[in-house]
Each structure stands twice: as C-alpha cells, then as structure tokens.
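In case you want the letters, here they are:
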Amino acid sequence: MEYTVKSGNPEKQRIGCVVIPVFASRKLSSSAKIIDKASNGYISNLVRRGEIEGDLGNTLLLHNVENTLCDRVLLIGCGKEKDINFKTFYKINCNMVKTLQASGATEIASYLTEIPVKRKEISWKIQHSIEAIDECLYKFNQLKSKKEEARRPLRKFIFSVNGRGQLMQGEQAVRQGMAISAGIHLAKDLGNLPGNMCTPDYLAKQSVKLATQHANVKTSVLEEKDMEKLGMGALLSVSKGSREPGKLITIEYSAGDKKQAPIVFVGKGVTFDSGGISLKPGAAMDEMKYDMCGAASVIGVLSACADLQLPVNVVGIIPTVENMPDGIASRPGDVVTSMSGQTIEILNTDAEGRLILCDALTYAEKFDPDVVIDIATLTGACIVALGAHPAGLLSNHNPLANDLLSAGQTSGDRCWQLPMWDDYQDQLKSNFADMANIGGKGAGTITAACFLSRFTKKYHWAHLDIAGVAWKSGTHKGATGRPVSLLAQYVLDKIQANK
Ligand code: BES
Ligand code: MN
Ligand code: ZN
C-alpha cells in the first residue's frame, strides 16, 4: 500500500474516494461541513433525513456529489467525539477499509485525521491509521493453492493534514507507521507459518535475511555444538528431544553511538511446543506453533528499527528450539546445568520456555546491555490472570517497567505489571538442584518470572509474558504481531529521552 500526506480541501481532491468523519448524533466534522457547503447542503440534508446518525459502525457511500472533484464521498460514523479512544479509532479505520473494499475506489483521501482521539496528535493518528488499515487488510494466503485477490485492490491512502506546516511531521508519521506495520506483518507471517515450515533453521534464515537488507544489521547463529561449548545445558536439554537442531540467533543493529549500551530484546522461539515428555493434551495443540511469537516480535521490531534507521543500538537474541517427546528427550526429574552454573531440576518438560530463556539471558550479559527485555509466550496462567488484552509485565527495575507501561499506553499495545516479590521465590525450591523449573500451585506467571530473575541479576531487566496477546484463537485464529508496536514505541521513546 502506498501512503502519503497532503493538505487541502476535501471538495478539491481529484481522487476515487474522499473519506469524511461524522459524529453522533448527526454532527458534521469540519471536512463534512466543507463538502456540505460546496454541495449546497447535500450532506446536512441526508443527515436530517436520517440516512446516517454518526454512530460507530455507520457508513454512507455517496457518488458524484455536486461541486466535488472526487468520484465518491464516504461518510464514516465515529460515535460521540468524547468517547473516541485508541480502540474506537482502530474500528473506525477498519470500517472505512471494509466499505472501500466493496466499492470500486482504489485511491483514497482520508480526513479521519480530523477525529479527536484523547491526548493524541496528528502524527499518532496517521501512524495508527496505517497500522489499522494494514491490520484490517492482513491475510495469510501463502499456503492456499487458490489465492483470493480483491477485484480492484486499494492502492493508495492520502492523509489530510492541516496546512503545509504539518507536512513534515505527517511524512515522518507515515514512515513510522509503514515501518512498524511492516514489522507487525513480518511477525504475523512468522507466527502463522506452521511448525513444519517455521523451524529454528527457518527463523535463523529470516534473521540472516534481515542482515542482507541493511548494512548496519549483523546476524550470527550459534549451532548446538557452539552452545555445548558455552555450557548452555538448559537450552540444549529442550532441543535434544527434537530432530530439528536448536539454535541461538543474535541480530545486532548498530546505528547509535559506539559507546552507547544496547537495548537487548530476547525472544522465546519454541517453533512447536508439544510439551515434551510432559505431553500437552490434544485440544488446540496446533496453536503451540505460536510458541515462537516472542522471537517473531523481536525480528519484527528489529526490522522496523532498521527500516527507519533509528539512531540506536539494539540487539535481538533468539533462543530457538522445538519441544518434542523422544527417546532421548529430557525426563521429568532430570537435572541440568545452565550456562550460569546454576543447576535446574526439570520437574515438568512443558515448562521449557524458561529453560531456553535462562541461557539466552546469561548470554545477553556479553553485550553490556542498557536494559534487557524478554518477550515470551511463557505461561497459560497469564491468560487466566489477564486474558487477551494486556501482556504480563514483570521487572527487577521499576523505571524500566514504567517506560514499558507508558509505551503501551502510547501505542495501544498495552502491558500490565504483576508483582515479583521475593515471597514467591520459595515456590521454586528443589530437593535435588538449585531450583525447580516449575513453581507448583498458584501465581504461575510470577513464579516463571522469578525463575528468570535468577539469571538477570547483572542488569536491568523486564519480562513480557505474551501468552494471551500473541495470537487469537477461534474463527479468527491468527497471529496478532503483538507486541511489535509496544517495543517499537519503547525504542522511539528511549531515543527521545536521550536527546
Ligand atoms: N508455551 C506454553 C505456555 C502457553 C500455553 C502459552 C498455552 C499460551 C497458551 C509454555 O511452554 C507452557 O507449557 N507452560 C506451562 C508451564 C507449566 C508447566 C508450569 C503452562 O502454562 O501450563
Ligand atoms: Mn510448554
Ligand atoms: Zn512453550
């Protein structure tokens, strides 16, 4: 899709369709008023007759409106102005896309930038219009033999800005929206690919590809024999049950000051989680192909950073394995030694995420990080606690947690903090090793984070449990690309703060 910005009156746009907001009840936006005036009261007449109330979900497509240069005018109901938030703004954009797809228009001038969204300015609206439009248009078709293509696909959106003074700002917002949206798209594709295709090797190849596309991205891949030398006994204990060799991928994006400590993202990359010998029940087991969505979000956010050539140093670390049952798979009760030297009793082979993350988190020390943020579909308990709306957030450093909470508010890709008090650490006691890999009954998301906290003492660290947000189940089953938007916003905020 092509996106641009332009300032100018709606009746003067020589284009397939002009999109105009209308509010509840029957309240015209400024662009609607302008078209109304040009067309001698046509819009206000329609509104008076009750053709459109302005409620959220209302749409009215008009053709050949008098004294306009466009083929169509699409009125979009936005509900009450004071009720418009992040969610409704997305819905409004999506309603626009769905109506446009059913029309013949391919090039669009959108005046939805006029919609007031609480505490958000025009840049935010442009960036998030792009994210919303792409979200609404996303389809995972690559594995279907018959591709369903739209007859006349949408080609171009031009966002209206208020005067030339907003053009530069608007163009920057377009770049940001497109780069982040491409990162989300990439994360979704990786997530939706099945376990027989998106293997650890595939994730490594995609990460290497990122390095071929940008001069300041470098990717390296550790094989199992390399990890043995580093003593990554925890990670390897998971990977050994699968025919697919495990890998540790490192993607380094260096465009900041050489002396600037990097932001390190660590993404859980279990390309399929059967549970191992502690086998999962059969229902919905297919969804465990999404157990690499943390890794996908890391690749997605690095792709966005590199697209935008942001002046920062970011490192992505992806421990990636497949968790399978096998004759040489780990057994419940096995004790392994992690790269940190700490020993772990594997009481449940289905708590494999923390086993691969702990070695990756120790490995992260070598980058002298500013902060380390891991992203993982780690616990079903997180879905019980928070549902599908926010990611779970746990951290050993409150300023970092606050930065993530705030980036979540800005991006709409939210997280919610859970306590990581020492009281919970006792649940990890083992009679046979330094710790057990499960915490027993209660607070499963917190005890998982407590486990990780034993490997992150040397730096500021936050953990995002994305089990509830990384994909949707049911008829709309599919990856969401979350939390690419949150992470990208975190990086952007960080650059602003360092200026
Ligand atoms: N990948 C799962 C977590 C998960 C389950 C995410 C369902 C989303 C939906 C993880 O590896 C896992 O199996 N966790 C166990 C931990 C338990 C054994 C302590 C869980 O949540 O049941
Ligand atoms: Mn598991
Ligand atoms: Zn898992």
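Since this is a predicted model, take the numbers as computed values, not measurements.

### Considerations on the coordination of the zinc ion (ligand 3)
In this structure, Lys268 (NZ), Asp273 (OD), Asp291 (OD) and Glu352 (OE) serve as the protein donors to the zinc ion (ligand 3), at separations of 2.0 to 2.4 Å. Coordination at the zinc ion (ligand 3) is octahedral: its 6 donor atoms span angles of 78 to 177° at the metal. Mapping the donors of the zinc ion (ligand 3) onto the primary sequence gives the spacing K-x4-D-x17-D-x60-E. Between the two metals, the zinc ion (ligand 3) and the manganese ion (ligand 2), the spacing is 3.1 Å, and Asp273 donates to both. Judged by its relative accessible area of 1%, Lys268 falls in the buried class.

### What to know about the packing of aromatic side chains
Taken as a whole and judged by the stated rule, the model has 10 aromatic pairs. Between Tyr3 and Phe157, the aromatic rings sit 6.0 Å apart at their centres with planes inclined by 25°, giving stacked as the arrangement. Of this pair, Tyr3 sits in strand E1 (residues 2-6) while Phe157 sits in strand E7 (residues 156-160), placing them 154 residues apart in sequence. No difference in accessibility class separates Tyr3 from Phe157, as the two residues are buried. A ring pair is formed by Tyr3 and Phe159, whose centres lie 5.9 Å apart and whose planes are at 10°; its orientation type is stacked. Separated by 156 residues along the polypeptide, Tyr3 in strand E1 and Phe159 in strand E7 bring together distant segments of the chain. Across this residue pair, the class does not change: Tyr3 and Phe159 are buried. Taken together, the aromatic side chains of Phe86, Phe89, Tyr90 and Trp124 make up a single cluster linked through ring pairs.

### A short note on the site of ligand 1
Around ligand 1, a shell composed of 17 residues is seen, among which Lys280, Asp291, Asp350, Glu352 and Gly380 lie nearest. In this structure, Asp350 approaches ligand 1 through a side-chain N or O atom, which is 2.8 Å from an oxygen atom. Here a nitrogen atom of ligand 1 sits 3.3 Å away from a polar atom, N or O, in the main chain of Thr377. Considering ligand 1 on its own, with 520 Å² of exposed area, one finds that the protein chains cover 78% of that surface.

### Description of the state of the cysteines
One pass over the structure, following the stated rule, counts 1 disulfide. Two residues, Cys94 and Cys136, share a disulfide whose sulfurs are 2.5 Å apart. When the S-S torsion is 70°, as for the bridge of Cys94 with Cys136, the disulfide is right-handed. A residue pair is termed long-range when its members are at least 10 positions apart, and Cys94 in helix H3 (residues 86-102) and Cys136 in helix H4 (residues 122-137) qualify at 42 residues. For Cys94, a relative accessible area of 18% translates into the label buried. Relative accessible area serves as the criterion here: at 18%, Cys136 is assigned to the buried category. For the unlinked cysteine Cys415, the closest cysteine sulfur is that of Cys382, found at 11 Å.

### Comments concerning the environment of Val221
Its place among the elements puts Val221 in strand E8 (residues 217-222). In this structure the C-alpha to C-alpha distance between Val221 and Ile251, which are 30 residues apart in sequence, comes to 8.8 Å.

### Side note on the coordination of the manganese ion (ligand 2)
Taken together, the protein donors to the manganese ion (ligand 2) comprise Asp273 (OD), Asp350 (O), Asp350 (OD) and Glu352 (OE), at separations of 2.1 to 2.2 Å. Classification of the site at the manganese ion (ligand 2) rests on its 6 donor atoms, whose angles at the metal span 70 to 168°, yielding the label irregular. All donor residues of the manganese ion (ligand 2) come from one chain, and their arrangement in sequence is D-x76-D-x1-E. Residue Asp273 is classed as buried on the basis of its relative accessible area of 3%.

### A few points about the side chain of Ser129
Mapped onto the elements, Ser129 comes out in helix H4. The exposure class of Ser129 is buried, given its relative accessible area of 1%. Among residues more than four places away in sequence, those in contact with Ser129 are Phe89, Asn93 and Phe159.

### Brief notes about the domain arrangement of the protein chain
Split by domain assignment, the protein chain resolves into domain 1 (2-160) and domain 2 (180-497). Relative to domain 2, the C-alpha centre of domain 1 lies at a distance of 38 Å. Taken together, the contact between domain 1 and domain 2 spans 14 residues of the former and 19 residues of the latter. Across the domain 1/domain 2 interface, buried area totals approximately 1,200 Å², and carbon plus sulfur atoms make up 50% of it.

Calculation notes
- Residues numbered from 1 in each chain as written.
- Chains lettered and ligands numbered in written order.
- Predicted model: local features only at pLDDT ≥ 70, side-chain atom pairs only at ≥ 80, totals over all residues.
- Heavy atoms only, no water.
- Donors = N, O, S within 2.8 Å, 3.2 Å for Na, K, Ca; no water.
- Tetrahedral: all angles 85-135°; square planar, octahedral: opposite > 155°, others 65-115°.
- Buried < 20%, exposed > 50% of the residue type's maximum accessible area, 1.4 Å probe, protein only.
- Phe/Tyr/Trp six-rings, centres within 6.5 Å; stacked < 30°, edge-to-face > 60°.
- Helix = DSSP H or I, 4+ residues; strand = E, 2+ residues; numbered from the N terminus.
- Near = heavy atom within 4 Å.
- Polar contact = N/O pair within 3.5 Å; in protein donor to acceptor, adjacent residues only side chain to side chain.
- Areas by Shrake-Rupley, 256 points an atom, 1.4 Å probe, with all protein chains shown as cover.
- Disulfide = S-S within 2.5 Å.
- Contact = heavy atoms within 4.5 Å.
- Domains from an automatic or database assignment.
- Buried area = accessible area lost by both parts, 1.4 Å probe.

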